[in-house]
Amino acid sequence: MRSRLSRRVRAIRADKSAQLRLLDLQTVDTTLAQLNHRRQTLPLHAAVTKLQTERAALASDLVAADTAISDLELDQAKAENDLEPVRERLRRNQVRIADGTVADPKALSSMVEEVGHLKRRISDLEDAELEVMEQLEAAAESRERLRTRIADVDDNLARTIAERDQQLGELELEMGGLRAERAEIAPLIPGDLLSLYDKIGANHGGVGAAEIRQRRCTGCQLEINAADLRAFSAAAEDEVLRCEECGRILIRTPQSGLAHSGL
Ligand SMILES: [Zn+2]
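Residues numbered from 1 in each chain as written. Predicted model: local features only at pLDDT ≥ 70, side-chain atom pairs only at ≥ 80, totals over all residues. Heavy atoms only, no water.

J.: Report on the pattern of salt bridges, specifying residues and quantitative values.
T.: Applying the stated criterion to the full structure yields 19 salt bridges. A salt bridge links Arg91 to Glu84; the nearest nitrogen and oxygen atoms lie 3.7 Å apart. Overall, Glu84 belongs to the partly exposed group, its relative accessible area being 38%. Here Arg91 makes a salt bridge to Glu88, at a shortest N to O gap of 2.8 Å. Of this pair, Arg91 and Glu88 are both found in helix H3 (residues 43-99), three residues apart, which corresponds to roughly one turn of the helix. (Salt bridge = Lys/Arg side-chain N within 4 Å of Asp/Glu carboxyl O. Buried < 20%, exposed > 50% of the residue type's maximum accessible area, 1.4 Å probe, protein only. Helix = DSSP H or I, 4+ residues; strand = E, 2+ residues; numbered from the N terminus.)

Listed below in structure tokens is the structure:
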């Protein structure tokens, strides 16, 4: 453990103010990461997705409703086509019966009988057509309700997207300010310290540097052991310290609780 620490301590030196700047940078980076997380997990993202799913299902229902109506319209046209020749035959028979052109009583009687049959047939076909028309009416009403729901969902979706975009815009604005702050702080930190910070942060949830507060690493929250405390207290103020537990860069401040922190 000791030799590992010694190796690290030898690796990088940076003056006290640069180390404190690194802590400022960490604060900015942590806030940026939190805002980025908030941006990615906005509840409105889920709300938009839910509405889009609902919208897609309704669109598919509308296609089905259109198809059902087309089919019923075909059925109605077919019913009308079926009726036409029967009505025509009935008319012809009725005319011939009325004008007395059928002299043969047997033929006349069979014609009268056929008229009765044709009337029943027409009545059946008309009932069937009426049923199709009722179904058509119901289908048209159902499609209209569907269109109303789609319009409602579209309105809701547009409002939700606008609200989400507004929240994203506000977060982006805040993040833009922090990025500008970062761009001012980063150049004040030596390159080797900054690369070490970035490298550690990449493997430690974005936290490469942590303050020692009350003899505790604020990165991993573990208490620093007595031997490390002695070594840290004895270390020159430009020595870059590392947490023996989590490996993060440790920054000394007046709140660190070290005997000779040089601060
Ligand atoms: Zn630690």
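J.: Can you break down the environment of Ile185 residue by residue, with the values?
T.: With respect to the element layout, Ile185 can be found in helix H4 (residues 105-185). Residue classification places Ile185 among the buried positions, given a relative accessible area of 10%. For the pair formed by Ile185 and Glu73, sequence separation is 112 residues and the distance between their alpha carbons is 73 Å. Those residues in contact with Ile185, other than ones at most four positions away along the chain, are Arg21, Asp24, Leu25 and Val28. (Contact = heavy atoms within 4.5 Å.)

J.: Any details on the coordination of the zinc ion? Residues and values, ideally.
T.: Surrounding the zinc ion are the protein donor atoms Cys217 (SG), Cys220 (SG), Cys243 (SG) and Cys246 (SG), which sit 2.2 to 2.4 Å from the metal. Each of the four donor atoms bound to the zinc ion contributes to angles spanning 103 to 117°, and the resulting shape is tetrahedral. Coordination of the zinc ion draws on donor residues from a single chain, spaced C-x2-C-x22-C-x2-C in sequence. With Cys217 in strand S2 (residues 216-217) and Cys246 in the loop between strand S3 (241-242) and strand S4 (249-251), this residue pair connects regions lying 29 residues apart in the sequence. Comparing Cys217 with Cys246, the two get one shared label, buried. (Donors = N, O, S within 2.8 Å, 3.2 Å for Na, K, Ca; no water. Tetrahedral: all angles 85-135°; square planar, octahedral: opposite > 155°, others 65-115°.)

J.: Could you give an account of the side chain of Thr253, with specific residues and numbers?
T.: Looking at where Thr253 falls in the secondary structure, it is placed in the segment after S4. Take Thr253: its relative accessible area is 6%, and that puts it in the buried class. A distance of 2.7 Å separates polar atoms of two side chains, one belonging to Thr253 and the other to Glu211. (Polar contact = N/O pair within 3.5 Å; in protein donor to acceptor, adjacent residues only side chain to side chain.)

J.: I'd love a proper account of the nonpolar core, names of residues and values included.
T.: Core analysis: the biggest nonpolar cluster contains 25 residues, and Leu22, Leu25, Ile189, Leu193, Tyr197 and Ile249 have the highest contact counts within it. Of all the secondary structure elements, the ones that give two or more residues to this core are helix H2 (16-40), H4, helix H5 (191-203) and S4. A per-element tally of this core places H2 first, with seven residues. (Core = buried A, V, L, I, M, F, W, Y, C linked by side-chain atoms within 4.5 Å.)

J.: Could you give an account of the sheet that holds S3, naming the residues involved and the relevant values?
T.: The sheet built from four strands is open, its strands ordered S2-S1-S4-S3 with mixed pairing. The two strands at the open ends of the sheet, each matched to only one other strand, are S2 and S3. Strand direction decides the pairing type here: strand S1 (residues 209-213) and S4, joined by three bridges, are parallel. Along S4, the bridge assignment pairs Glu211 with Ile251. On the sheet, H5 packs against S1, S3 and S4 and is oriented at approximately 115° with respect to S4. (Pairing = 2+ DSSP bridges. Axes fitted to C-alpha atoms, helices over the stretch in contact; angles between N-to-C directions.)

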